[in-house]
Amino acid sequence: GDILENTGNRVEVKNLNSIRQVQQAAEYEAIRQVEAIMNDEPTAQETRTFEVKSGKTKVIRTKEGAKDYRFMPEPDMPPIVLNQEVRYLLRDYY
């Protein structure tokens, strides 16, 4: 199957106040989510906040089963699609 079948749900990160924080949150989330995938633990549909002191994101709201959860895709940011080869490379790297 496609790797997207195993990645879980969309995670939204809020309260990013600078480009640097966007970068830090994205880097943290990339590692967190790759580790979750490698451990067969799909991500939950949730909203997280970025904590500057720790450099980590933290759950502020879970969206499981929320029918009113709406996502507006950013038209200038295409989705990132990881194929099986990339998954194996990430597994070996981490």
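Residues numbered from 1 in each chain as written. Predicted model: local features only at pLDDT ≥ 70, side-chain atom pairs only at ≥ 80, totals over all residues. Heavy atoms only, no water.

Attention now goes to the confidence of the model for the chain. Confidence in the prediction of the chain, expressed as mean pLDDT, is 80, and 79% of residues score 70 or more. Of all helices and strands in the chain, the one with the weakest mean pLDDT is helix 2 (residues 84-93) (76), whereas strand 2 (residues 46-51) scores best (94). (pLDDT = per-residue confidence, 0-100. Helix = DSSP H or I, 4+ residues; strand = E, 2+ residues; numbered from the N terminus.)

All right, on to the sheet that holds strand 3 (residues 56-62) then. Taken in spatial order, the three strands line up as 1-2-3 in an open sheet, and their pairing is mixed. Of all the strands in the sheet, the pair left with one neighbour each is strand 1 (11-14) and strand 3. Strand-to-strand twist of the sheet, defined as the mean angle between neighbouring strand axes without regard to direction, takes the value 35 degrees. In this fold helix 1 (residues 19-38) packs onto strand 1, strand 2 and strand 3, with an angle of close to 125 degrees to the strand it touches most, strand 2. (Pairing = 2+ DSSP bridges. Axes fitted to C-alpha atoms, helices over the stretch in contact; angles between N-to-C directions. Contact = heavy atoms within 4.5 Å.)

This part takes up the pairing of strand 3. Of the strand pairs in this sheet, strand 2 and strand 3 are connected by six bridges, and their pairing is antiparallel. Bridging across to strand 3, Thr47 finds its partner in Arg61. Following strand 2, the chain reverses through four residues before pairing antiparallel with strand 3; Gly55 in that reversal takes a positive phi of roughly 75 degrees.

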